[in-house]
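# A look at the structure
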Amino acid sequence: MKIGEKNLIELFETAKSSTEYDEVREQMKEKGYSGFSHFLYWMKEQLKTYDDTNISRVTELLNKAKLIFQSPIQFSPSWANVWTQLEQIMQHKNEILKQIPIESRTGEWQVIMDNPYTNEAIVCYPGLSFIEAAYLYGFFRLDLKNNEYIRLQRVENLVVFSKDNKPE
């Protein structure tokens, strides 16, 4: 991330008053699409990495972003619903955080998506930490089609073989 965007993110994080919010908003307008794209990447990283200990902090960041940047469509039409999408990802991830006890989150996790009524391939994201898998679960829940399902599961036993016979 460029220094300019980093400074803008720091300004965003520390902004508390409407005057400071206006300053963040104006600086983002100057940066345009590129600046907002970097900002959204940073916001998504916050959603990917938070756990039970900082749910409220990330919720506050998302609420602040929605307040400061009420019309992300001004940067790109593809961002018309970005705040709703990020809220839904967070909601789904929070459901998983509530369902899986902390002591059961160790080891390797994977996310699997399939539609048993089509010829499309099963999609699997293996080798994830629990927090990574919980984020992907929330992310992919947004676009499930009819008859598709998503599974979040811990890998209990694993055998890996590679072509060069080196175990991983």
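Refer to the structure above for everything that follows.
Keep in mind that what you see is a predicted model, and the values were worked out from it rather than measured.

### As for the overall build of the protein
- Broken down by element type, the protein carries five helices and three strands.
- The order of α-helices and β-strands along the protein, N terminus first, is α-α-α-α-β-β-α-β.
- Expressed as lengths along the three principal axes of its C-alpha atoms, the size of the protein is roughly 55 × 35 × 35 Å.
- When burial is assessed residue by residue, the protein has 37% of its 168 residues classed as buried.

### Re the packing of helix α2 (residues 18–49) against helix α3 (residues 55–68)
- Packing of α2 against α3 leaves a shortest axis separation of 11 Å and a crossing angle of 145°. α2 and α3 meet at a crossing whose hand is left-handed. From α2, Y21, V24, R25, F39, W42, M43, Q46 and L47 reach across to α3, where they touch R57, V58, L61, L62, K64, A65, L67 and I68.
- Residues belonging to the contact of α2 with α3 are distributed by class as follows: twelve nonpolar, one polar and three charged.

### Considering the environment of M90
- Along the polypeptide, M90 turns up in helix α4 (residues 82–99).
- For M90, a relative accessible area of 5% translates into the label buried.
- Non-local contacts of M90, meaning those with residues more than four positions away in its chain, are made with L47, Y50, I55, V58, T59 and L62.

### Quick look at the pattern of salt bridges
- Applying the stated criterion across every chain, the model contains eight salt bridges.
- Of the charged contacts, one joins E156 and R154 as a salt bridge, the two residues approaching to 3.1 Å between their closest N and O atoms.
- The exposure class assigned to R154 is partly exposed, which follows from its relative accessible area of 32%.

### Some thoughts on the nonpolar core
- Ranked by size, the top nonpolar core spans 44 residues in total, and within it F12, F36, F39, F69 and W83 carry the most contacts.
- Residue assignment for this core shows that the elements contributing at least two residues are α1 (3–14), α2, α3, α4, β1 (109–114), α5 (130–141) and β3 (149–154).
- The residues contacting F12, other than those within four sequence positions of it, are V24, F39, W42, L61, K64, A65, I68 and F69.

### Description of the layout of surface pockets
- The volume enclosed by the largest pocket comes to roughly 210 Å³.
- In this structure, the largest pocket is lined by M113, D114, N115, T118, E120, A121, V123, F140, D143, L144, K145 and E148.
- Counted by class, the lining of the largest pocket contains five nonpolar, two polar and five charged residues.
- The wall of the second largest pocket is formed by K44, S78, W79, V82, Q85, L86, Q88, I89, Y135, F139, L142 and D143.
- Listing elements by their share of the lining of the second largest pocket, those giving two or more residues are α4 and α5.
- Along the lines of polarity and charge, the residues of the lining of the second largest pocket split into seven nonpolar, three polar and two charged.

Conventions used here
Residues numbered from 1 in each chain as written. Predicted model: local features only at pLDDT ≥ 70, side-chain atom pairs only at ≥ 80, totals over all residues. Heavy atoms only, no water. Helix = DSSP H or I, 4+ residues; strand = E, 2+ residues; numbered from the N terminus. Buried < 20%, exposed > 50% of the residue type's maximum accessible area, 1.4 Å probe, protein only. Axes fitted to C-alpha atoms, helices over the stretch in contact; angles between N-to-C directions. Left-handed = near helix turned anticlockwise from the far one by under 90°. Contact = heavy atoms within 4.5 Å. Nonpolar A, V, L, I, M, F, W, Y, C, P; charged D, E, K, R; others polar. Salt bridge = Lys/Arg side-chain N within 4 Å of Asp/Glu carboxyl O. Core = buried A, V, L, I, M, F, W, Y, C linked by side-chain atoms within 4.5 Å. 1 Å grid on protein atoms, 1.4 Å probe; cavity = no way out; pocket = protein on both sides within 12 Å on 5 of 7 lines; lining within 4 Å. Points joined across faces, edges and corners; volume = space filled by probe spheres on them.

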